[in-house]
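Chains, contacts and geometry: an overview
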Amino acid sequence: GDTTGGADAGLTADGLADMLGPPDGAVPHPVGMPVPPFALEDLNPSSATFGQEIDSATLAGRPYALVFLDSRCTACKDVADGLWAAYAAHPDWWDAQPTFAVERALALEKAPGTVARVVEANALPYLADTPETNLWMAFLALNHDFFAISAEGALEVWLELYSWPDDLALFVDHMTARYGP
């Protein structure tokens, strides 16, 4: 499908290159490596943590996940809604491993109005990456990358959720294997 966000997203050729992520041949943050420190604000008004800063130090000691979404991407709304629906169907999963979406800093700068579309009708915490933190680049993340983080703060699993909704099965399989149906 269209991943450019449409004409109203303010996306240029430079913005498209940024949305696509790191250069060819770049390898994402390696499994087993510690997660870089971060502290990012939750932008989703429906989230229980709206307006709060979510930081890696507070999350230490429990598993969690980060999914990298760009609000200029039309499929990202489906990914956010699909993940939230899976958590709604399996509330124990959220207690065991909450997931936080990470919005690209450039999207916030170039098309700030697009975040509201992605968070509408779901309560998935949607964190605002910053140029200073640049979690996207720290992970060498691509749009729809899902990283499960261990309680020890190391990258445990990397799922490429690029063919949505088909790849929802990868997420469901991951969660079912770890936390049950």
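Structure report, in brief. (Residues numbered from 1 in each chain as written. Predicted model: local features only at pLDDT ≥ 70, side-chain atom pairs only at ≥ 80, totals over all residues. Heavy atoms only, no water.)

For the pair helix 3 (residues 74–89) and helix 8 (residues 168–179), the least separation of the axes is 11 Å and the interaxial angle reads 30 degrees. As summarised for this structure, helix 3 and helix 8 are arranged roughly parallel, according to the angle between their axes. Once helix 3 is placed against helix 8, the crossing between them reads as right-handed. On the side of helix 3, the interface is formed by Gly82, Leu83, Ala86 and Tyr87, while helix 8 contributes Leu168, Phe171 and Met175. Across the contact of helix 3 with helix 8, the residue classes break down as six nonpolar, one polar and no charged. (Axes fitted to C-alpha atoms, helices over the stretch in contact; angles between N-to-C directions. Helix = DSSP H or I, 4+ residues; strand = E, 2+ residues; numbered from the N terminus. Parallel < 35°, antiparallel > 145°, perpendicular 65-115°, else oblique. Left-handed = near helix turned anticlockwise from the far one by under 90°. Contact = heavy atoms within 4.5 Å. Nonpolar A, V, L, I, M, F, W, Y, C, P; charged D, E, K, R; others polar.)

What follows deals with the sheet that holds strand 3 (residues 64–69). With mixed pairing, the five strands of this open sheet are ordered in space as 5-4-3-6-7. Of all the strands in the sheet, just strand 5 (126–128) and strand 7 (155–160) have a single pairing partner and so form its edges. Each adjacent strand pair in this sheet contributes to an overall mean axis angle of 25 degrees, direction not counted. Where helix 3 meets the sheet, its contacts fall on strand 3 and strand 4 (99–103), and the angle it forms with strand 3 comes to roughly 160 degrees. Relative to the sheet, helix 8 contacts strand 6 (145–149) and strand 7, its axis offset from that of strand 7 by approximately 150 degrees. (Pairing = 2+ DSSP bridges.)

Looking now at the packing of aromatic side chains. Throughout the structure, instances matching the rule amount to 13 aromatic pairs. Between the aromatic rings of Tyr87 and Phe171, the centroid separation amounts to 5.6 Å while the plane-to-plane angle is 70 degrees, which identifies the pairing as edge-to-face. Placement of the pair is Tyr87 in helix 3 and Phe171 in helix 8, with a sequence separation of 84 residues. Exposure class is identical for Tyr87 and Phe171. Each is buried. Measuring from centroid to centroid gives 6.1 Å for Trp93 and Phe171, while their planes differ by 85 degrees, and the two rings are edge-to-face. Here Trp93 is found in helix 4 (residues 91–96), whereas its partner Phe171 is found in helix 8, with 78 residues between them in sequence. On the basis of relative accessible area, Phe171 is assigned to the buried category, the value being 0%. A network of ring pairs unites the aromatic residues Phe38, Tyr64, Trp84, Tyr87, Trp93, Trp94, Phe100, Phe146 and Phe171 as a single cluster. Over the ring of Trp136 we find Arg104; its NZ or CZ atom is 3.7 Å from the centre of that ring. (Phe/Tyr/Trp six-rings, centres within 6.5 Å; stacked < 30°, edge-to-face > 60°. Buried < 20%, exposed > 50% of the residue type's maximum accessible area, 1.4 Å probe, protein only. Lys NZ or Arg CZ within 6 Å of the ring centre and 35° of its normal.)

On to the environment of Ala39. When you line up the elements, Ala39 lands in strand 1 (residues 39–41). On the basis of relative accessible area, Ala39 is assigned to the partly exposed category, the value being 32%. Taking C-alpha positions, Ala39 is 5.4 Å from Ile54, a pair spaced 15 residues apart along the chain. In this structure, Ala39 is in contact with Glu53, Ile54 and Asp55, ignoring residues within four places of it in sequence.

For the rest of this paragraph, the subject is the environment of Ala123. For Ala123, the location among the structural elements is in the loop between helix 6 (114–119) and strand 5. Its relative accessible area of 16% is what places Ala123 among the buried residues. Separated by 43 residues in sequence, Ala123 and Ala80 place their C-alpha atoms 9.0 Å apart. Here Ala123 is in contact with Asn44, Ser46, Ser47 and Trp84, once residues within four sequence places are set aside.

Here we come to the pattern of salt bridges. Opposite charge on two side chains permits them to pair, given that their charged atoms come into close proximity. Applying the stated rule across the entire model yields five salt bridges. Across the pair Arg72 and Asp70 runs a salt bridge whose closest N-O atoms are separated by 2.7 Å. Judged by relative accessible area, Arg72 falls into the buried class, the value being 0%. Classification of Asp70 by relative accessible area gives buried; the value is 0%. The residue Arg178 makes a salt bridge to Glu156 at a minimum N-O spacing of 3.3 Å. Residue Arg178 is found in helix 8, and its partner Glu156 is found in strand 7; the two are separated by 22 residues along the sequence. Using a relative accessible area of 36% as the deciding quantity, one classes Arg178 as partly exposed. Note on Glu156: relative accessible area 33%, which makes it partly exposed. Among the ionic contacts, a cluster of salt bridges with common partners joins Asp70, Arg72 and Arg104. (Salt bridge = Lys/Arg side-chain N within 4 Å of Asp/Glu carboxyl O.)

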